[in-house]
Amino acid sequence: NNGVHVQNGVNGHHDDSNPKVNGVHNSEYIEADFTERYTVYSQDEQKYENVLKQHKITTEKRVPKLGVMLVGLGGNNGSTLVAGVLANKQGLSWETKNGTQQANFFGSFTQSATAHVGFKIDEKSGSLADVHKPVKEILPMVNPCDFEITGWDISQMNLYEAARRSKVLEPDLLRQLKAQLENIKPLPAALNQDYIASNQADRADNILTGTNQEIVNKLREDIQQMKRRTDKVIILWTANTEQYYLPEIATVDDLADKIKNNDPLPASVLYCIAAIEEQVIYLNGSPQNTFHPGVVEYARQNGGLLAGSDFKSGQTRFKTMMSDFLIGAGLRLSSVVSYNHLGNNDGKNLSEDKCFQSKKISKGGVLDDAIASNSILYPDGHASIDHEVVIKYVPFVGDSKRALDEYTSQIFMGGTNTISSYNICEDSLLAVPIMIDMLVLGELLTRIKIDGNGLGPVLSYLSFFFKAPITNHSEYVVNSFSRQRHTLINFLKAAAGISPDDQTLIGFGY
Ligand code: NAI
Ligand code: DG6
């Protein structure tokens, strides 16, 4: 025996009828007692204070029928999500030049990743092993195969034609789904063409007309229809990146005036208002500044729930790992140059500078907290690092984005360390699994209460999936991949009554 001791009753109280799961279970709820631990540093007194806070986290167990409404249903992400869910639901396989491919959810954190939930200890031999559990099994979650999906698009093309237009999925798969996809047609969409690229005009044949208020009302009717068919609805913006709307909408009154006076607003603001008024979650997968202070406050006042912005799927996710690695290792990352080219409709829209600028902002801010974490390497803050973002539209490569990155660091005694990466990947096949995650987890978060209070108005636990996360503390944003992952997993574990490990391994004689 190497000194390993087993303690019973890790956290919360065990229910005899369900001995494998922590927390108190009854037929409706999981109730977990959780002791939050953190340290507060007082600059004036130069001292650390360890804080322990008791919480009761309650999770409603009943998994609802989830209605998913995509803004941009007929786009590359939208059509790929619908086809991917149908293919998984039906367990389809299809022929490719590399052989038979089976439907899967690879790339989805909830469906394909696991979390460390504890240790297995053999009392006789004292041997120690990690226990990992699928994330989707930590708490009761919606199965994406059960999503009911509709949505809006400015293009009226049915989803079979839209998926073919996207050129993401194999023809043999689409052939098998043809009848089902042909039956799905996007609802007429809200659009302010001035906020997306002019090169998108030729696909806009499915547009709502009317005043701001009339359009919000129509979107609300669409949401109400979905509510009648399902238990809960989530709206996910996966439509074209819009230009920033400036100056920001500062207050709720300002927002109300702009609606009433029929000021030309970007469509995303109208969808978001409709979602807030219907009290359904609104997730923003693109970089535009939909979440103006006045909009967030409106959500707070009306019980709306928001999360965003801009899916963090490939190049940027890698960047938040690389900066963790380099700065975390004490190397002075001094220049990051990120170039990519792609040939899908997203790339076409971003080829107009006004839309690219929105993307440049969300891709550009992701190093800030890593740099701020190290005043030895960065005594002057983020001004002292070169960070460039370039995107080019190259139609021939379609959805298969090419991302080239160069990370140059200053190392020991004046040396230089340059790391380059070259990533080729279908953009939508990386984005769709995380869209599924934010829908699954977003829904779960609406069933969780901490000390009797629901979460919101910002569902910041979804930050893991976004390039430019918003939080309920606008000044406090975490971009680091590993910290975001820890925060999310530890929160899920806490709600399930599983103590997040402190990782010291002291008790195991490590
Ligand atoms: P896409 O251009 O193929 O799809 C967007 C769809 O939105 C199009 O079908 C378009 O007709 C529709 N649309 C435009 N304005 C609309 C409106 N006001 N209402 C309803 N529909 C509208 O683009 P894709 O590749 O599907 O990406 C969607 C969004 O997600 C883009 O903004 C992109 O920047 C963002 N994104 C994509 C990632 C990826 O890896 N694919 C990752 C991060 C963000
Ligand atoms: C080109 O950068 C197009 C963009 O929409 C990105 O593909 C998308 O934002 C994904 O970004 P990233 O940096 O996470 O790969």
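So, here's what we can say about the structure. Just so we're clear, the structure is a prediction, and the values are computed from it rather than from any experiment.

1. A short note on the site of ligand 2
Okay, so step 1: Around ligand 2, a shell composed of 15 residues is seen, among which Q315, T316, D346, D427 and K467 lie nearest.
Okay, so step 2: K359 is positioned with one of its side-chain polar atoms (N or O) 2.7 Å from an oxygen atom of ligand 2.
Okay, so step 3: Here ligand 2 loses 97% of its free accessible area of 380 Å² to cover by the protein chains.
Okay, so step 4: Contributions of two or more residues to the shell around ligand 2 are made by α9 (315-328), β13 (332-342), α10 (345-350) and α11 (353-364).

2. Details of unusual backbone geometry
Okay, so step 1: Following G308, the chain continues to S309 via a peptide bond in cis, the omega torsion being 0°.
Okay, so step 2: With respect to the element layout, S309 can be found in the loop between β12 (305-308) and α9.
Okay, so step 3: Cis geometry marks the peptide bond from G456 to P457; its omega dihedral reads 0°.
Okay, so step 4: Secondary-structure assignment places P457 in the loop between β18 (453-454) and α14 (481-496).
Okay, so step 5: Even without being a glycine, K167 presents a positive backbone phi close to 55°.
Okay, so step 6: K167 gets classed as exposed once you look at its relative accessible area, which sits at 70%.
Okay, so step 7: Positive phi is not limited to glycine here, since L505 has a value of about 60°.
Okay, so step 8: Turning to its location among the elements, L505 is positioned in the segment after α14.

3. So, the site of ligand 1
Okay, so step 1: The environment of ligand 1 is made up of 31 residues, and the closest members are D153, A190, R203, S286 and N345.
Okay, so step 2: Contacts to ligand 1 include Y271, whose side-chain N or O atom sits 3.0 Å from a nitrogen atom.
Okay, so step 3: Interatomic distance of 3.3 Å between a side-chain N/O atom of S313 and an oxygen atom of ligand 1.
Okay, so step 4: If ligand 1 stood free it would expose 830 Å²; the protein chains cover 99% of that surface.
Okay, so step 5: Applying the majority rule of atoms within 2 Å of the grid points places ligand 1 in the largest cavity.
Okay, so step 6: Sorting the residues of the shell around ligand 1 by element identifies α1 (76-89), α7 (267-277), α10 and α13 (427-445) as the ones contributing at least two each.
Okay, so step 7: Considering only residue class, the shell around ligand 1 consists of 12 nonpolar, 12 polar and 7 charged.

4. Side note on the nonpolar core
Okay, so step 1: Judged by nonpolar contacts, the single largest core of 71 residues is most densely connected at F147 and L462.
Okay, so step 2: Residue contributions to this core peak at 10 residues, all from α13.
Okay, so step 3: Ignoring any residue separated from it by four or fewer positions in sequence, one finds F147 in contact with K65, L66, V68, V85, V142, I436, L439 and V440.

5. Some points on the sheet that holds β13
Okay, so step 1: With mixed pairing, the 4 strands of this open sheet are ordered in space as β14-β13-β15-β16. The open sheet is flanked by β14 (386-393) and β16 (416-426), the only strands paired with a single partner. Taken over all neighbouring pairs, the strand axes of this sheet differ in orientation by 10° on average, direction set aside.
Okay, so step 2: Note that strand β15 (residues 400-410) and β16 share 11 bridges and pair antiparallel. Bridge pairing links D405 to S421 in β16.
Okay, so step 3: In this fold α13 packs onto β13, β15 and β16, with an angle of close to 85° to the strand it touches most, β16.

6. Things to note about empty space enclosed by the protein
Okay, so step 1: Tallied over the full model, the rule gives 2 cavities of 30 Å³ or more.
Okay, so step 2: Within this model, the largest cavity holds a volume of roughly 650 Å³.
Okay, so step 3: Along the wall of the largest cavity there are 46 residues; nearest its centre are N77, T238, A239, N240 and D346.
Okay, so step 4: Of all the secondary structure elements, the ones that give two or more residues to the lining of the largest cavity are α1, α7, α9, β13, α10, α11 and α13.

Definitions and limits used
Residues numbered from 1 in each chain as written. Chains lettered and ligands numbered in written order. Predicted model: local features only at pLDDT ≥ 70, side-chain atom pairs only at ≥ 80, totals over all residues. Heavy atoms only, no water. Near = heavy atom within 4 Å. Polar contact = N/O pair within 3.5 Å; in protein donor to acceptor, adjacent residues only side chain to side chain. Areas by Shrake-Rupley, 256 points an atom, 1.4 Å probe, with all protein chains shown as cover. Helix = DSSP H or I, 4+ residues; strand = E, 2+ residues; numbered from the N terminus. Buried < 20%, exposed > 50% of the residue type's maximum accessible area, 1.4 Å probe, protein only. 1 Å grid on protein atoms, 1.4 Å probe; cavity = no way out; pocket = protein on both sides within 12 Å on 5 of 7 lines; lining within 4 Å. Sits in = over half its atoms within 2 Å of the grid points. Nonpolar A, V, L, I, M, F, W, Y, C, P; charged D, E, K, R; others polar. Core = buried A, V, L, I, M, F, W, Y, C linked by side-chain atoms within 4.5 Å. Contact = heavy atoms within 4.5 Å. Pairing = 2+ DSSP bridges. Axes fitted to C-alpha atoms, helices over the stretch in contact; angles between N-to-C directions. Points joined across faces, edges and corners; volume = space filled by probe spheres on them.

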